[in-house]
Amino acid sequence: SDVTEQNRLRQEAGMLHDRLRFLETKDPETGLLNRNAILQALDGQITRSRRYGNPLSVIKLRLDSSAATPSQSIGRRDITEEINHRLRWADQVGRLDDRCFLLILPETPVADAESLARRLVDESMYASTRMAGWALHAVATGWQRGDDCRRLLQRLSEPYP
């Protein structure tokens, strides 16, 4: 029998599925904004800061499990709850990849973002019993004149302390 129509429908379904994944904004595991959505939000905040000259800071958090034993596990939802508990309503957080999160802090000078990053690492995250065997690292930076999304993220790619 002729399967041409079935193959065409299968191919079309695959293309629609890919398109739908591109349009999704939430990370299914954490409920946070996914990579595409958080980068779009960052681009919008950069445009706003460029236009009005308002401060904008970002924090990149990386979860390192090298110190954890296989029996120790932590859900990314646990981390999400810890982060969201310490953010303002205007702040945004999203998942960049498997181990990295991006926090967008509008109207926030870089010194305040660095202070928040230290608190997230030192007080709340590292001391948590759920975090035993895990290490959280943070890098913060602020928007500067001439920055676009790519430039700002490059500064966040510098080595963690």
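Notes on the structure follow. Source: prediction; values computed, not measured.

Scoring rules and cut-offs
- Residues numbered from 1 in each chain as written.
- Predicted model: local features only at pLDDT ≥ 70, side-chain atom pairs only at ≥ 80, totals over all residues.
- Heavy atoms only, no water.
- Helix = DSSP H or I, 4+ residues; strand = E, 2+ residues; numbered from the N terminus.
- Contact = heavy atoms within 4.5 Å.
- Expected span 1.5 Å × (residues − 1).
- Buried < 20%, exposed > 50% of the residue type's maximum accessible area, 1.4 Å probe, protein only.
- Polar contact = N/O pair within 3.5 Å; in protein donor to acceptor, adjacent residues only side chain to side chain.
- Pairing = 2+ DSSP bridges.
- Axes fitted to C-alpha atoms, helices over the stretch in contact; angles between N-to-C directions.
- Salt bridge = Lys/Arg side-chain N within 4 Å of Asp/Glu carboxyl O.

Looking at the side chain of S49
As for its placement among the helices and strands, S49 is situated in helix α2 (residues 35-52). Not counting chain neighbours up to four residues away, the residues in contact with S49 comprise N54, P55, L56 and W143.

As for α2
With 18 residues, α2 should cover 26 Å at 1.5 Å per step; its first-to-last C-alpha distance of 26 Å lies within 8% of that length. Where α2 is concerned, the buried positions are A37, I38, L39, A41, L42, Q45, I46 and S49. Against β1 (56-64), β2 (92-95), β3 (100-106) and α5 (149-156) lie the buried residues of α2. Two or three places before N36, at the opening of α2, N34 has a side-chain oxygen 3.3 Å from that residue's backbone nitrogen. Two residues or fewer after α2 comes G53, characterised by a positive phi angle close to 75°.

Quick look at the sheet that holds β1
Reading across from one edge, β2-β3-β1-β4 is the order of the four strands in this open sheet, with antiparallel pairing throughout. Where the open sheet ends on each side, the last strands, each with one partner, are β2 and β4 (135-142). Across the sheet, the mean angle separating the axes of adjacent strands is 20° when strand polarity is ignored. As judged from the four bridges shared by β2 and β3, these two strands associate in the antiparallel manner.

Considering the pattern of salt bridges
Taken as a whole and assessed by the stated rule, the structure comprises eight salt bridges. Note that R95 is salt-bridged to D27, the shortest N-O span being 2.9 Å. One end of the pair, R95, is in strand β2; the other, D27, is in the loop between α1 (4-23) and α2, and 68 residues separate them in sequence. For R95, a relative accessible area of 9% puts it in the buried group. Note that D147 and R155 form a salt bridge whose closest N and O atoms lie 2.5 Å from each other.

Geometric values such as these leave the question of function open.
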